[in-house]
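If you want the building blocks of each chain, they are given just below.
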Amino acid sequence: MQILLRSATLWSLLILFIVFTLAFGVFRDGAGGVLLDGLSDPNEILTLLQNMTPAEKSVHFNITLYLDMPYPVIYGGLFALSAFRFGGSWLLAIPALLVIPVDVVENTIQLLALSGVEDYILLKQWLTPL
């Protein structure tokens, strides 16, 4: 556990958080400018999906898979470990730890939708705001 609470670990997670956050902005245009992550309304999501070109869907799929899937582990880990290290209690880390699986499930729904399986879009109404 001590290795996770070292300054080097926290700094590494902070740097990864910054790099990944900037990468979303760099690649967003290739996905059509709007990412599914910011949408929770099923009708908006379906409209966006219908208006995306195959190339935009492909870029968006790769953003979700390679950036957005590890992202919750990075920011969740950073916030949880920081809360524990500087707050002294795992109770303070619980919100950051809970958001990781929620975001991963949301990303999985997005990957499915970008692949043509839109059956789970309704779940984003609850998952995205969380």
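Look a little higher up for the structure.
Conventions and cut-offs
- Residues numbered from 1 in each chain as written.
- Predicted model: local features only at pLDDT ≥ 70, side-chain atom pairs only at ≥ 80, totals over all residues.
- Heavy atoms only, no water.
- Helix = DSSP H or I, 4+ residues; strand = E, 2+ residues; numbered from the N terminus.
- Buried < 20%, exposed > 50% of the residue type's maximum accessible area, 1.4 Å probe, protein only.
- Areas by Shrake-Rupley, 256 points an atom, 1.4 Å probe, with all protein chains shown as cover.
- Lys, Arg positive; Asp, Glu negative; His and termini not counted.
- Charge placed at Lys NZ, Arg CZ, Asp CG, Glu CD.
- Axes fitted to C-alpha atoms, helices over the stretch in contact; angles between N-to-C directions.
- Parallel < 35°, antiparallel > 145°, perpendicular 65-115°, else oblique.
- Contact = heavy atoms within 4.5 Å.
- Nonpolar A, V, L, I, M, F, W, Y, C, P; charged D, E, K, R; others polar.

1. Description of the overall build of the protein
Phase 1: Helix and strand content of the protein: six helices and zero strands.
Phase 2: Counting only C-alpha atoms, the protein reaches 50 × 25 × 15 Å along its principal axes.
Phase 3: Each of the 130 residues in the protein was classed as buried or not, and the buried ones make up 37%.
Phase 4: About 7400 Å² of surface is accessible on the protein, with carbon and sulfur atoms providing 69% of the total.
Phase 5: Of the side chains in the protein, 5 bear a positive and 10 a negative charge, and the two mean positions are spaced by 14 Å.

2. Thoughts on the packing of helix α1 (residues 7-28) against helix α3 (residues 54-68)
Phase 1: It is at 11 Å that the axes of α1 and α3 come closest, and there the two elements cross at 175 degrees. In terms of axis orientation, α1 runs roughly antiparallel to α3. Across the interface between the two elements, Phe20, Ala23, Phe24, Phe27 and Arg28 of α1 pack against Val59, Ile63, Tyr66, Leu67 and Asp68 of α3.
Phase 2: Looking at the contact of α1 with α3, its residues break down into eight nonpolar, no polar and two charged.

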